[in-house]
Amino acid sequence: MTLDQRTLGTASPLIVSGLGLGCMGMSAFYGSTDEDQGIATIRRALDLGVTFLDTSDMYGPHTNERLVGKAIAGRRDEVQLATKFGIVATGDGGRRVDGSPAYVREACDASLQRLGVDHIDLYYQHRVDKTVPIEETVGAMAELVEAGKVRHLGLSEAAPDTIRRAHAVHPITALQSEYSLFTRDVEDEILPTLRELGIGLVPYSPLGRGILTGAITSDDSLEEGDSRRSAYFPRLNGEALQANLALVDRVRALAAEHGCTPGQLALAWVLAQGADVAPIPGTKRISYLEENVGATDVELSEADLKDLTEAVPREAVVGDRYGDMSTIDG
């Protein structure tokens, strides 16, 4: 099976499946994990034409890259493989950001080994290191391209000025940032900047970390140990959650009119934002993967898109997307 493909970037274009797969939850953060289930989900994704896979060295840490490597063994040629570097776990349970050239080189070699591949298709700086000039970080990343270890470069959660400065050093193929009906900040300055420079957008959490699927119905609907139950995600807890669930009800009503699930409608909205947009909804289960793929069959008119944005006004979403925004550039 094949899905529609999309091209990220113009100066250094990468063709990917229009719908990707975020692999993080298979190994970390979202409750219990099952490696065999994760591997089966990735392989099913490839069978369905979802070939744009996203991981990071900090998922686990390290375990998710190993899982992805096992899943794509023997099928590497089918995959557009993206991973990220730059968020480093500290001994006290915290994290720091490292964009130093030495760490760029070290992190890439380690990721290649864990993934079991000889090159990475899209290598992102996971977060901007505000202590290291972006020119130095991207300069080191460009050396990886010259060495054949990386094919294309990306940034994540970078501000417009940072994007411009990075792109001046080496073509940036894609920016990965959060984008959904619930998180539309990128529309103000970031998306116009990307389109001016010819850079693609890879939305993560295009389903609002699951709330837009209708699967989160209360504080207790997520299992113990799921980070979405913590104060790190204010929108998914307490009074904010209840207010936001009322918005999900509006999406559910519109989805019923289209004969699809609320998650499929919300994902179809992201897919409709442009041919340079390739979302990576994450899941660790085949059933949810197949539901997400169904979103590619949902056709939305301009009137439908308007109805959705009016049903979920930006200002109506309650709570910050992160409880700690200190690692976000800009």
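Residues numbered from 1 in each chain as written. Predicted model: local features only at pLDDT ≥ 70, side-chain atom pairs only at ≥ 80, totals over all residues. Heavy atoms only, no water.

Visitor: Describe the overall build of the protein chain, with residues and values.
Guide: Each helix and strand counted, the protein chain has ten helices and eleven strands in total. Relative to the globule expectation of 20 Å for 330 residues, the C-alpha radius of gyration of the protein chain, 19 Å, shows essentially globular dimensions. Here the C-alpha coordinates of the protein chain stretch approximately 50 × 45 × 40 Å along the principal axes. Here the analysis covers contacts within the protein chain between residues at least 6 apart in sequence; of these, 76% occur between residues at least 24 apart. Entry remark: accessible area of the protein chain is about 13300 Å², with carbon and sulfur atoms responsible for 48%. Across the protein chain, the centroid of the 31 positively charged side chains sits 2 Å from that of the 50 negatively charged ones. (Helix = DSSP H or I, 4+ residues; strand = E, 2+ residues; numbered from the N terminus. Rg over C-alpha atoms; globule rule 2.2 N^0.38 Å. Contact = heavy atoms within 4.5 Å. Areas by Shrake-Rupley, 256 points an atom, 1.4 Å probe, with all protein chains shown as cover. Lys, Arg positive; Asp, Glu negative; His and termini not counted. Charge placed at Lys NZ, Arg CZ, Asp CG, Glu CD.)

Visitor: Pulling in residues and values, what's your account of the packing of aromatic side chains?
Guide: In total, this model carries two aromatic pairs according to the counting rule given. Taken together, a centroid distance of 5.0 Å and an interplanar angle of 35° make the contact between Phe-85 and Tyr-123 tilted. Linking Phe-85 in strand S5 (residues 80-85) with Tyr-123 in strand S8 (residues 120-125), this pair joins segments that are 38 residues apart in sequence. For the pair formed by Phe-85 and Tyr-123, the shared burial category is buried. (Phe/Tyr/Trp six-rings, centres within 6.5 Å; stacked < 30°, edge-to-face > 60°. Buried < 20%, exposed > 50% of the residue type's maximum accessible area, 1.4 Å probe, protein only.)

Visitor: Account for the packing of helix H1 (residues 35-47) against helix H2 (residues 63-72), naming residues and giving values.
Guide: The contact between H1 and H2 brings their axes to 9 Å, and the two run at 50°. Taken together, the axis directions place H1 and H2 in an arrangement best described as oblique. Two packed elements cross with a definite hand, and for H1 against H2 that hand is right-handed. Mapping the contact onto sequence places Glu-35, Gly-38, Ile-39, Ile-42 and Arg-43 in H1 and Leu-67, Val-68, Lys-70, Ala-71 and Ile-72 in H2. (Axes fitted to C-alpha atoms, helices over the stretch in contact; angles between N-to-C directions. Parallel < 35°, antiparallel > 145°, perpendicular 65-115°, else oblique. Left-handed = near helix turned anticlockwise from the far one by under 90°.)

Visitor: So what's going on with the pattern of salt bridges? Residues and values would help.
Guide: Scanning the model with the defined rule gives 22 salt bridges in all. Taken together, the shared-partner salt bridges connect Glu-157, Glu-178, Arg-209 and Arg-321 into one network. (Salt bridge = Lys/Arg side-chain N within 4 Å of Asp/Glu carboxyl O.)

Visitor: I'd love a proper account of the sheet that holds strand S3 (residues 20-22), names of residues and values included.
Guide: Consider a sheet: its strands pair through backbone hydrogen bonds, and that pairing is either parallel or antiparallel. Strand order in the open sheet formed by seven strands is S3-S4-S5-S8-S9-S10-S11, with parallel pairing between adjacent strands. The strands lining the two open edges of the sheet, one partner per strand, are S3 and strand S11 (200-204). The average angle at which neighbouring strand axes cross in this sheet is 25°, direction not considered. Relative to strand S10 (residues 172-178), strand S9 (residues 150-156) is paired through four bridges, and the arrangement is parallel. In the sheet register, Leu-155 faces S10, and the bridge partner there is Leu-175. (Pairing = 2+ DSSP bridges.)

Visitor: Tell me about the side chain of Ser-12, and please be specific about residues and values.
Guide: Relative to the helices and strands, Ser-12 is located in the loop between strand S1 (5-8) and strand S2 (14-17). On the basis of relative accessibility, which here comes to 13%, the residue Ser-12 falls in the buried class. Within the structure, Ser-12 has its side chain in polar contact with the side chain of His-152 (distance 2.9 Å). Setting aside residues up to four positions removed in sequence, Ser-12 forms contacts with Arg-151, His-152, Pro-171 and Thr-173. (Polar contact = N/O pair within 3.5 Å; in protein donor to acceptor, adjacent residues only side chain to side chain.)

Visitor: Summarise the packing of helix H3 (residues 101-115) against helix H4 (residues 134-146); cite the residues concerned and give the values.
Guide: Interaxial distance between H3 and H4 falls to 8 Å at its minimum, and their mutual angle equals 35°. As for how H3 packs across H4, the hand of that crossing is right-handed. Mapping the contact onto sequence places Pro-101, Val-104, Arg-105 and Cys-108 in H3 and Glu-136, Thr-137, Ala-140, Met-141, Glu-143 and Leu-144 in H4. Taken together, the residues of the contact of H3 with H4 break down into six nonpolar, one polar and three charged. (Nonpolar A, V, L, I, M, F, W, Y, C, P; charged D, E, K, R; others polar.)

Visitor: Tell me about the environment of Gly-60, and name the residues and values.
Guide: Looking at where Gly-60 falls in the secondary structure, it is placed in the loop between strand S4 (52-54) and H2. Residue Gly-60 is classed as partly exposed on the basis of its relative accessible area, which comes to 40%. Separated by 36 residues in the primary sequence, Gly-60 and Met-24 have C-alpha atoms spaced 8.2 Å apart. Setting aside residues up to four positions removed in sequence, Gly-60 forms contacts with Ser-27 and Ala-28.

Visitor: Residue-level account of H3, with values.
Guide: For H3, with 15 residues, the first-to-last C-alpha span of 21 Å sits near the 21 Å given by 1.5 Å per residue. Those residues of H3 that are buried lie in contact with H2, S5, strand S6 (87-89), S8, H4 and S9. Looking at the residues trailing H3, positive phi occurs at Gly-116, about 70°. (Expected span 1.5 Å × (residues − 1).)

Visitor: Help me get a handle on empty space enclosed by the protein, residues and values and all.
Guide: Applying the stated criterion across every chain yields a total of one cavity of 30 Å³ or more. Every residue along the wall of the largest cavity is listed here: Glu-178, Ser-180, Phe-182, Thr-183, Gly-208, Arg-209, Ile-211, Phe-233, Arg-235, Leu-236, Asp-320 and Arg-321. Here the lining of the largest cavity is built from residues that sort into four nonpolar, three polar and five charged. (1 Å grid on protein atoms, 1.4 Å probe; cavity = no way out; pocket = protein on both sides within 12 Å on 5 of 7 lines; lining within 4 Å. Points joined across faces, edges and corners; volume = space filled by probe spheres on them.)

Visitor: Report on the nonpolar core, specifying residues and quantitative values.
Guide: Counting 99 residues, the largest nonpolar core has Leu-21, Ile-42, Phe-52, Leu-155, Ile-163, Ile-211 and Leu-265 as the members making the most contacts within it. Setting aside its immediate chain neighbours within four residues, Phe-52 contacts Leu-8, Val-16, Ser-17, Gly-20, Leu-21, Gln-80, Ala-82, Leu-122, Tyr-124, Val-202, Ala-278 and Ile-280. (Core = buried A, V, L, I, M, F, W, Y, C linked by side-chain atoms within 4.5 Å.)

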